[in-house]
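Fold and contact review
The primary structure of each chain is shown beneath.
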Amino acid sequence: METTAAYRARSRREMISESYSGRRHAILNFLPMIVVAGIALYRMDGFTPVVLLMIPLLLFLGNLVIYLVHRFPYHREELSKEAHAAHTILHHGYYTDEHATFDSHRDFFAILLPSWVHYLVAIAVLLPLSWLLPAVMPNAYAQAIVFSGALYLFLYEAVHLSAHLPKGHPLLRLPWLGYMRDFHVTHHDPKLMAEYNFGIVFPFWDWILGTHYRGNGEPVSLASGG
Ligand SMILES: [Zn+2]
Ligand SMILES: [Zn+2]
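If you're wondering where the values come from, they're calculated on a predicted model, not measured in any experiment. Note that residues are indexed from 1 along each chain, following the sequence as it is written. The naming scheme follows written order: chains are lettered A onward, ligands numbered 1 onward. Thresholds applied to this predicted model are a pLDDT of at least 70 for local features of residues and 80 or more for the giving and counting of side-chain atom pairs; totals over whole chains, interfaces and linings are not thresholded and use all residues. Only heavy atoms go into the side-chain values, all of them from the structure, while hydrogens and water stay out.

Turning to the overall build of the protein chain, a few remarks are in order. Going along the chain from the N terminus, every DSSP run of H or I of four or more residues is numbered as a helix, and every run of E of two or more is numbered as a strand. Summing up its helical and strand segments, the protein chain has eight helices and zero strands in all. Starting at the N terminus and ending at the C terminus, the protein chain contains elements arranged as α-α-α-α-α-α-α-α. The globule rule is 2.2 Å times the number of residues to the power 0.38, and the radius of gyration it is compared with is taken over C-alpha atoms. Its C-alpha atoms give the protein chain a radius of gyration of 18 Å, near enough to 17 Å, the size a compact globule of 226 residues would have. Based on the C-alpha atoms only, the size of the protein chain along its principal axes is roughly 55 × 45 × 40 Å. For every residue, the accessible area obtained with a 1.4 Å probe (protein chains only) is divided by the maximum for its type, and the residue is called buried under 20%, exposed over 50%, and partly exposed between those limits. Out of the 226 residues belonging to the protein chain, those deemed buried represent 46%. Any two residues whose heavy atoms approach within 4.5 Å at even a single point are treated as in contact. Of the contacts formed within the protein chain by residues at least 6 apart in sequence, a portion of 67% connects residues at least 24 apart. Using the Shrake-Rupley algorithm and a 1.4 Å probe, accessible areas are obtained, with residue cover drawn only from the displayed protein chains. For the protein chain, the accessible surface area stands at approximately 11600 Å², while carbon and sulfur atoms represent 69% of it. By the counting rule applied here, Lys and Arg register as positive and Asp and Glu as negative, while His and the ends of each chain are not counted. For the purpose of locating charges, the reference atoms are NZ of Lys, CZ of Arg, CG of Asp and CD of Glu. Charge-centre separation for the protein chain: the mean point of 16 positive side chains lies 5 Å from the mean point of 17 negative side chains.

Moving on: the coordination of the zinc ion (ligand 2). Water is absent from the atoms considered, so a metal site may look incomplete; donors are defined as N, O and S atoms within 2.8 Å of the metal, or 3.2 Å for Na, K and Ca. Looking at the metal site, the zinc ion (ligand 2) is ligated by His70 (NE2), His75 (NE2), His87 (NE2), His92 (NE2) and His187 (NE2), spaced 2.0 to 2.2 Å from it. Read from N- to C-terminus, the donor residues coordinating the zinc ion (ligand 2) fall into the pattern H-x4-H-x11-H-x4-H-x94-H. In this pair, His70 sits in helix α3 (residues 49–71) while His92 sits in helix α4 (residues 81–94), placing the two residues 22 residues apart along the sequence.

Glancing now at the coordination of the zinc ion (ligand 1). At 2.0 to 2.2 Å from the zinc ion (ligand 1) lie its protein donor atoms, namely His91 (NE2), His160 (NE2), His164 (NE2), His184 (NE2) and His188 (NE2). Positions of the donor residues of the zinc ion (ligand 1), expressed as sequence spacing, correspond to H-x68-H-x3-H-x19-H-x3-H. Highlighted residues: His164 in the loop between α6 (139–163) and α7 (175–187) and His188 in the loop between α7 and α8 (204–209), separated in sequence by 24 residues. The exposure classification of His164 matches that of His188, with both residues buried.

What follows is the structure, encoded as C-alpha cells:
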C-alpha cells in the first residue's frame, strides 16, 4: 500500500501547479466570507437581544449542517462520488492521524475547499438573502442569518486549517482550537473516520448524536468509509 509520504508526493505532482500558493488559496477563500459578513453587519440596524441570541443558535445549526455533510456525502461514496473523492480519498489520504500536519502552505490544496465554492455561496446564496429575506422578516434577523452563514463558512476553513497544525503550535493553546485539533486528528485515523468525530468547528453534534470517539477500548467499526 502507498505510504502517506508517497501519496502526498504523487498528489502534489498531479494536482497542483508550480505556481500554487496555499496562502493565496486561503486568502481567496476567506475574503468573500469576510466581505459578506461585513455587508450583513453594515445592513443590520443594531444588535437586539434577539439578534444576539440568534447568532449562536445559527452557528449551532450550521454545526449540524456541516456535521451531516461530513458524515454522509463526504464519507459515503454512494451518496456523492465527487464529495467522497475530494474528502475521503484526497483529504484523508493526504492527512492521517499519524501524518496530520501540513508540511508547508502548498499542502493547503488538500485541506481548503475550492475557492469557487465560497464565491458561489457568497454571490448566489448569501448576498441575495441579505436583500430578499427582509421582505419576510425583520431586517436585523435577515442580516443575522446572512452574517452567521458567512461566519460559519469562515470558521469551517480556519478551524480545519488549525486542526492540521503541528501539536504545540501557539494557536492551539486556545482551548477550543487545541480540543478541536485532537478531536479532528482522531477522526483522521483511517479506522475511525467513517464513524466518529465529524464536527470541525464544534464537537456538539457528535456529543448529541453519539459519534464522539471516546477511545479506551470501545469497539472500533472497521467500516471502510466507502
Ligand atoms: Zn482534516
Ligand atoms: Zn472526514
